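# A look at the structure
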Amino acid sequence: MPRKPNVPCKHPSCPALVPYGRSYCEKHQVLHRSDRLSASKRGYDSRWRKARARFLKDHPLCVKCKEEGILVKATVVDHIVPHRGDQRLFWDESNWQPLCKKCHDKKTMTEDKYVVNNYQ
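Here is a short report on the structure shown in this document. (Residues numbered from 1 in each chain as written. Predicted model: local features only at pLDDT ≥ 70, side-chain atom pairs only at ≥ 80, totals over all residues. Heavy atoms only, no water.)

Scanning all chains against the criterion turns up eight aromatic pairs. Ring geometry for Y44 against W48: centres 5.4 Å apart, planes inclined by 90 degrees, an arrangement best described as edge-to-face. Residue classification places Y44 among the partly exposed positions, given a relative accessible area of 25%. Ring centres of W48 and W96 lie 5.1 Å apart, and the angle between their planes is 80 degrees; on these two criteria the pair is classed as edge-to-face. Placement of the pair is W48 in helix α2 (residues 46-58) and W96 in strand β4 (residues 96-99), with a sequence separation of 48 residues. As far as burial versus exposure is concerned, W48 and W96 are alike and both buried. In this structure an aromatic cluster arises from ring pairing among Y44, W48, F55, F90, W91 and W96. In this structure, R47 packs its charged tip against the face of W91, placed 3.9 Å from the ring centre. (Phe/Tyr/Trp six-rings, centres within 6.5 Å; stacked < 30°, edge-to-face > 60°. Buried < 20%, exposed > 50% of the residue type's maximum accessible area, 1.4 Å probe, protein only. Helix = DSSP H or I, 4+ residues; strand = E, 2+ residues; numbered from the N terminus. Lys NZ or Arg CZ within 6 Å of the ring centre and 35° of its normal.)

Now the structure itself:
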């Protein structure tokens, strides 16, 4: 029976191939820990979803796109300073900003990427 082919590492721009069923190469496995708590255990529960919906209703446009003179609907409530498990910072609305997914992903991969999580 034929084996499934190796697949690319899911870390951005990593050319390494890994066995089918694995996500990351040895080099990037430590960056993408599989022992991370679920979203709800990290605070993204029904209470967060309600607060997020209210915030996006009050702030419907992506602030980064708006700075560029483009009007794009915000779909993500971003923590300006990553909360890293700090509940006070997590719920501080002055630390929230509305972003579109594209801007949020860009921010996460550049500004937030290499800061170590203090929570699991």
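Let's shift gears to unusual backbone geometry. Positive phi outside glycine occurs at S13, with the angle close to 60 degrees. Examined against the element boundaries, S13 turns out to sit in the loop between β1 (7-8) and β2 (17-18). Look at S13 and you get exposed, because its relative accessible area is 79%. Positive phi, normally seen in glycine, also occurs at R84, with a value near 50 degrees. Following the sequence through the fold, R84 ends up in the loop between β3 (76-79) and α4 (87-91). On the basis of relative accessible area, R84 is assigned to the buried category, the value being 18%.

Below, the discussion takes up the pattern of salt bridges. Summed over the entire model, instances satisfying the criterion amount to five salt bridges. Between D78 and K107 there is a salt bridge, and its shortest N-O distance comes to 3.1 Å. You can see D78 sitting in strand β3 and its partner K107 sitting in helix α5 (residues 101-110), a full 29 residues away along the chain. One exposure class covers both D78 and K107, and it is buried. Close ionic contact of D105 with K101 constitutes a salt bridge, the shortest N to O distance being 2.7 Å. (Salt bridge = Lys/Arg side-chain N within 4 Å of Asp/Glu carboxyl O.)

Turning to the environment of D105, a few remarks are in order. Turning to its location among the elements, D105 is positioned in helix α5. Judged by relative accessible area, D105 falls into the partly exposed class, the value being 34%.

Side chains W96 and P98 project from β4 onto one buried face, and the interleaved Q97 and L99 project onto a second face that is buried too. Bridge count between β3 and β4: four bridges; the pairing is antiparallel. Paired with V77 across the strands is P98, a residue of β4. (Pairing = 2+ DSSP bridges.)

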